[in-house]
Amino acid sequence: MDGLLTPRESAEFIAENSRDVFIDGGGVRRVAELLLAKAAGPELRVGAWKALHELNPKAADEAAVNWVFVTDTLNFSFWSESDEHRCLVGYGGKTYSGYWSLCAAVNRALEEGIPITSASYYATVTLDEVRHILRSDTDVPMPLIEERHRILNETGKILLEKFEGSFLNCVRKSDKSAQKLLHLVVESFPSYRDVTQFEGKRISFYKRAQILVADTWSVLEGKGDGCFKDISRITMFADYRLPQVLVYLGALKYSDELLEKLLKGEVLSYGNRQEVEIRGCSLWCVELIRDCLLELTEKKDEKTSGEINSILLDYFLWDYARDHREDMKGIPFHRTRCIYY
Ligand SMILES: Nc1nc2c(c(CN[C@H]3C=C[C@H](O)[C@@H]3O)cn2[C@@H]2O[C@H](COP(=O)(O)O)[C@@H](O)[C@H]2O)c(=O)[nH]1
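Residues numbered from 1 in each chain as written. Predicted model: local features only at pLDDT ≥ 70, side-chain atom pairs only at ≥ 80, totals over all residues. Heavy atoms only, no water.

Participant: Go over the overall build of the chain with me, naming the residues and quoting the values.
Facilitator: In terms of helices and strands, the chain carries 15 helices and six strands. Over its C-alpha trace the chain gives a radius of gyration of 19 Å, about what one expects of a compact globule, namely 20 Å for 341 residues. For the chain, the spread of C-alpha atoms along the three principal axes comes to 50 × 50 × 45 Å. When burial is assessed residue by residue, the chain has 59% of its 341 residues classed as buried. Sequence-distant contacts, at least 24 apart, represent 77% of the contacts inside the chain between residues at least 6 apart. Counting only carbon and sulfur atoms, one obtains 51% of the accessible surface of the chain, whose full area is about 13,800 Å². The centroid of the 44 positive side-chain charges in the chain is displaced by 1 Å from the centroid of its 53 negative side-chain charges. (Helix = DSSP H or I, 4+ residues; strand = E, 2+ residues; numbered from the N terminus. Rg over C-alpha atoms; globule rule 2.2 N^0.38 Å. Buried < 20%, exposed > 50% of the residue type's maximum accessible area, 1.4 Å probe, protein only. Contact = heavy atoms within 4.5 Å. Areas by Shrake-Rupley, 256 points an atom, 1.4 Å probe, with all protein chains shown as cover. Lys, Arg positive; Asp, Glu negative; His and termini not counted. Charge placed at Lys NZ, Arg CZ, Asp CG, Glu CD.)

Pasting the structure below:
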């Protein structure tokens, strides 16, 4: 097979050859118009990452960068068979599910004096200690606990060997280029290598590597070591929530056959053709929404709070999905159990 396509190239190629997932031009425009109304608001700006999410670090120091690194290293596969029966983590008087249950567990561990964000700790943390750190308040544990343990040990050892135990050193080797940091991460840390194949081509999504770069940009507030000159080349993050919200908003459509399969809760394996089409068309869909939104802001000379990029659109849509969980109940998300998203 020939060279590896970038996530954006992969997405365009998949969208052109997709059989069960389609982008709806009218839906793309409607989502762009929804976002246009928010263009000058508090959400579509880098500061929203801290302002809107109480579990995210407020600092912009080395400890905060290492919080982002360990959290994004474990940022995958929170979905459960039934929404009523899932892992929940209580922290600071609130109960968290899904991705936020991971953040709550990390913050809870730190408060218990467990140095979970230190590579020297998680490079040799035991499975029992990880089970304790990520423990659920229900009888449903966080999925893939054994994989999370293996990845913590593997990643911690590499961070110690190659970057003196701090992800900030990795950031500082990227010449303030988001693309260089992305490639340094996937070259250095195997669990971030979210690559597969489609129609004989090697394709990449790099979902966790891209969100790691984005969250590093966010925690550093786009300044200093986090002032990436090419941050706008990072695309949305191909997870299992964005496809669901894009279908809900009418920008993405599934064939009857695929929709029926998803409504039955059938599991799609990682790299399966339909799973790849869902992720690739979602990524391409957000790129088209961004292009349309930039056109609309120019036409209407709309004020924006700084450059709008695919990261900010992704964050907004992911938060939107969280806030509209009930309304979206009828739209299935695809079930793939893997360590990549
Ligand atoms: N595309 C995209 N996928 C994202 C995120 C995030 C967390 N980022 C937030 C945190 C700080 C920022 O302010 C962001 O708002 C998690 N995920 C993915 O979702 C899935 C979990 O979903 P649920 O089961 O509902 O919790 C899982 O695959 C996880 O990897 C995002 O932003 N974009």
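Participant: So, empty space enclosed by the protein: which residues are in play, and what are the values?
Facilitator: Enumeration over the complete set of coordinates arrives at one cavity of 30 Å³ or more. Taken as a whole, the largest cavity spans an internal volume of roughly 30 Å³. Lining the largest cavity are L74, V106, I116, V130, I133, L134 and L152. Counted by class, the lining of the largest cavity contains seven nonpolar, no polar and no charged residues. (1 Å grid on protein atoms, 1.4 Å probe; cavity = no way out; pocket = protein on both sides within 12 Å on 5 of 7 lines; lining within 4 Å. Points joined across faces, edges and corners; volume = space filled by probe spheres on them. Nonpolar A, V, L, I, M, F, W, Y, C, P; charged D, E, K, R; others polar.)

Participant: I'd like a description of the site of the ligand, backed by residues and values.
Facilitator: Taken together, 22 residues lie near the ligand, and N75, K207, R241, D314 and R322 sit nearest. Interatomic distance of 2.6 Å between a side-chain N/O atom of R241 and an oxygen atom of the ligand. Within the side chain of W318, a nitrogen or oxygen atom sits 2.9 Å from an oxygen atom of the ligand. Considered on its own, the ligand offers 670 Å² of accessible surface; in the complex 99% of this is hidden by protein. Given that more than half its atoms are within 2 Å of the pocket grid, the ligand belongs to the largest pocket. Those elements that place two or more of their residues in the shell around the ligand are helix 5 (98-111), helix 11 (207-219) and helix 15 (310-323). (Near = heavy atom within 4 Å. Polar contact = N/O pair within 3.5 Å; in protein donor to acceptor, adjacent residues only side chain to side chain. Sits in = over half its atoms within 2 Å of the grid points.)

Participant: Would you mind going over the nonpolar core in detail, with residue names and values included?
Facilitator: Counting residues in hydrophobic clusters, the biggest one holds 122 residues, and the most contacted among them are Y122, F167, I289 and L317. With 11 residues, helix 14 (residues 273-299) is the largest single contributor of residues to this core. Non-local contacts of F167, meaning those with residues more than four positions away in its chain, are made with V65, N66, F69, L159, L181, V185, L212 and T216. (Core = buried A, V, L, I, M, F, W, Y, C linked by side-chain atoms within 4.5 Å.)

Participant: Account for the environment of L4, with residues named and values stated.
Facilitator: The residue L4 is located in the segment before helix 1 (7-17) in this model. As for L4 and S177, which are separated by 173 residues in sequence, their C-alpha atoms are 20 Å apart. If near-sequence neighbours (up to four positions away) are discounted, L4 is found in contact with V195, R202, I203, S204 and Y206.

Participant: If you had to explain the pairing of strand 5 (residues 201-204) to someone new, which residues and values would you point to?
Facilitator: With four bridges connecting them, strand 4 (residues 195-198) and strand 5 associate as antiparallel partners. Bridging from a neighbouring strand, Q197 pairs with R202 of strand 5. Counting the residues between successive antiparallel strands, the hairpin from strand 4 to strand 5 contains two residues, one of them, E199, with a positive phi of roughly 50 degrees. (Pairing = 2+ DSSP bridges.)

Participant: For the packing of aromatic side chains, give the residues involved together with the corresponding values.
Facilitator: Scanning all chains against the criterion turns up 16 aromatic pairs. Both rings, one in F13 and one in F198, keep their centres 5.9 Å apart while their planes meet at 85 degrees; by these two values the pair is edge-to-face. With F13 in helix 1 and F198 in strand 4, the pair connects residues that are 185 residues apart, well separated along the chain. There is no split in this pair, since F13 and F198 are both buried. Note on F69 and Y192: the rings are 6.3 Å apart at their centroids and 10 degrees apart in plane angle, and the pair reads as stacked. Placement of F69 in helix 4 (residues 62-73) and of Y192 in the loop between helix 10 (178-188) and strand 4 is noted, with a sequence separation of 123 residues between them. (Phe/Tyr/Trp six-rings, centres within 6.5 Å; stacked < 30°, edge-to-face > 60°.)

Participant: Please give an account of the layout of surface pockets that cites residues and values.
Facilitator: Taken as a whole, the largest pocket holds about 900 Å³ of empty space. In terms of residue count, the dominant contributor to the lining of the largest pocket is helix 15 (10 residues). A breakdown of the residues in the lining of the largest pocket according to their chemical character gives 23 nonpolar, nine polar and 16 charged. Taken together, the residues that form the lining of the second largest pocket break down as six nonpolar, five polar and seven charged.

Participant: Help me get a handle on the pairing of strand 3 (residues 94-97), residues and values and all.
Facilitator: Examined bridge by bridge, strand 2 (residues 88-91) and strand 3 share four bridges and lie antiparallel to one another. Paired with V89 across the two strands is Y96, which belongs to strand 3. The turn linking strand 2 back onto strand 3 is made up of two residues, and G92 within it adopts a positive phi angle of 60 degrees.

Participant: Could you give an account of the pattern of salt bridges, with specific residues and numbers?
Facilitator: Inspection of the entire model under this criterion finds 26 salt bridges. A salt bridge links D128 to R131, with the nearest nitrogen and oxygen atoms 3.3 Å apart. On the criterion of helical spacing, the pair formed by D128 and R131 is a turn pair, its members being three residues apart in helix 7 (residues 127-133). We classify R131 as partly exposed; its relative accessible area is 39%. A salt bridge links R131 to E146; its shortest N-O distance comes to 3.4 Å. (Salt bridge = Lys/Arg side-chain N within 4 Å of Asp/Glu carboxyl O.)

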